[in-house]
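Residue-level structural notes
As a plain string of letters, each chain reads:
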Amino acid sequence: MYAKFHSIGAYVPSKVLSNSDLEKMVDTSDEWILKRTGISERRIADVDENTSDMATKASKLAIERAGLESSDIDLIVCATVTPDYFNMPATSCIISDKLGIKNVQAFDISAACSGFVYALSVAKAFIESGMKKHVLIIGAEKFSSIVDYTDRTTCILFGDGAGAAVISATEDKDEAFIDVHASADGSYSDFLMTPAPGTVNPLSAQVIEEGLNFVQMKGNETFKLAVKTLTKDVKDILANNSIASEDIPHFIPHQANYRIIKAVGDALKMKEEQVVLTVGKYGNTSAASIPMAINEVWESGRLKKGELMLLDTFGGGLTWASALLPFAGESK
Ligand code: UT7
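Numbers given for residues are sequential positions, taken from 1 along each chain in its written order. It should be noted that, the model being predicted, local features are given only for residues of pLDDT at least 70 and side-chain atom pairs only at 80 or more, the latter also being counted only at that level, while totals for whole chains, interfaces and linings use all residues. Heavy atoms throughout the structure, all of them, feed into the side-chain values; hydrogens and water do not.

1. Thoughts on the sheet that holds strand S1 (residues 2-11)
Should DSSP find at least two bridges between two strands, the strands are taken to pair. Secondary structure elements follow DSSP: runs of H or I of four or more residues count as helices, runs of E of two or more count as strands, with numbering from the N terminus. Overall, mixed pairing links the 5 strands, which are arranged S1-S7-S6-S4-S5 in an open sheet. Two strands in the sheet have a free side with no partner beyond their single neighbour: S1 and strand S5 (105-109). For this sheet, the mean angle separating the axes of adjacent strands, direction not counted, is 20°. Direction of pairing for strand S6 (residues 134-141) relative to strand S7 (residues 161-170): antiparallel, over a ladder of 8 bridges. When the bridges of S7 are listed, Gly139 appears paired with Gly163. Every axis corresponds to a line fitted to the C-alpha atoms, with the helix fit spanning only the stretch in contact, and the corresponding angles, defined between N-to-C directions, vary from 0 to 180 degrees.

Shown next as structure tokens:
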């Protein structure tokens, strides 16, 4: 039995936070943000709109587009670092309830921006082992809930949103995932982190006062390592599978910064039309970024059944991952 990428769905909140809005909040400029990141605006969830709400909307679309019922799903894996609740229950359990699915295995993955591709590798393993038939994988983030909107080095980058995919079993090798690779190096864990809450810094008045519950990033160091690691990772996955970069119609990288995407795309000698870009309008949505980008190309009608996708991502942990697979759902 093989795993196939069966369908895609996504959801973005309607509220837009533009660069000019941020100019009024911190010492920054539209020009600086655009030049250094390629971001013009990002979406922000309502106060009462939670990660599971966005995830459920994306999931309903993905399930419907796979031609399935919610009850056909036998595993839910939600990748998020902004869960509805920090300890328990898992956001995937809340999603299962909102989808009306009973008796389903459901758990979360914490791999920051790499979470969706990590979830792909989990779905692949469950399906190839014969344990599951239809796995719902989700990348969903209410990143605005851990952003300090007085810190200009981070608040310009992140946004909220969700993407979901159904990964199904198939006997047709032409539909199957070609390769998924996921990795981590914890020695760089302080490059990108939220210091609290957790066992190191349990919630306290002091933690709140010091803002340790907000995301902190060594931006420039992370940037350099991202370009180096991703370039090697995508070159390796292509070489290991004897596929040339010009044969990839859809290079769908994590949308953190246009300059990172451009540097990796250039190293692969990718043409502009091969590279999917959504960072300008959504910013960095962490685990949601890749499925939101896949959804964007699918909804535009450019992602057709059988066409190859190359995914690559890098994030807190530090984690990184890449995947090479055909889109095996129906074309729009
Ligand atoms: O998704 C997970 C992976 N995440 C990433 O890959 C993100 C990686 N990092 C980045 O995207 C970039 O490093 C940033 C966009 C965060 C920053 O860009 P940079 O080119 O690395 O800038 P920098 O941190 O070296 O800062 C350059 C200057 C500094 O001023 P001085 O020291 O040169 O006077 C900063 O204080 O830019 C200043 N600066 C800003 N200026 C205006 C930093 N943030 C801002 C801002 N507006 N928002």
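From this point, the narrative continues.
2. Considering the packing of aromatic side chains
How two aromatic rings sit relative to each other is given by the distance of their centres and the angle of their planes. Only rings of Phe, Tyr and Trp enter the pairing, Trp through its six-membered ring, and a pair is recorded when the two centres are within 6.5 Å. The plane angle decides the type: under 30 degrees is stacked, over 60 is edge-to-face, the rest tilted. For the structure shown, the criterion picks out 4 aromatic pairs. Taken together, a centroid distance of 6.5 Å and an interplanar angle of 40° make the contact between Phe107 and Phe126 tilted. Residue Phe107 is located in strand S5, and its partner Phe126 is located in helix H5 (residues 115-128); the two are separated by 19 residues in the primary sequence. Burial here depends on accessible area, computed with a 1.4 Å probe over protein chains only, as a share of the maximum for the residue type. Under 20% is buried, over 50% is exposed, and the range in between is partly exposed. Given a relative accessible area of 26%, Phe107 falls into the partly exposed group. According to the relative accessible area criterion, Phe126 is buried, its value standing at 16%. Ring plane angle 15° and centroid distance 4.3 Å describe the contact between Phe143 and Phe158, whose orientation is recorded as stacked. Here Phe143, found in the loop between S6 and S7, pairs with Phe158, found in the loop between S6 and S7; they are 15 residues apart in sequence, far enough to count as distant. A residue is classified by how much of its surface remains accessible, and Phe158, at 2% relative accessible area, is buried.

3. Some points on the domain arrangement of the protein chain
The assigned domain composition of the protein chain is domain 1 (2-172) and domain 2 (179-326). How far each domain reaches was decided by an automatic or database domain assignment. For domain 1 and domain 2, the distance between their C-alpha centroids amounts to 14 Å. We call two residues in contact when some of their heavy atoms are within 4.5 Å. Tallying the contact residues gives 45 residues for domain 1 and 45 residues for domain 2. The rule for a salt bridge is simple: a side-chain nitrogen of Lys or Arg has to be within 4 Å of a carboxyl oxygen of Asp or Glu. Put simply, domain 1 and domain 2 have 1 salt bridge between them. Between Arg65 and Glu299 there is a salt bridge; the shortest N-O distance is 2.7 Å. Any pair of nitrogen or oxygen atoms within 3.5 Å is treated as a polar contact; in protein, a donor-acceptor pairing is required on top of that, and neighbouring residues in sequence qualify only through side-chain atoms on both sides. At the junction of domain 1 with domain 2, the criterion picks out 17 residue pairs in polar contact (both at pLDDT 80 or more).

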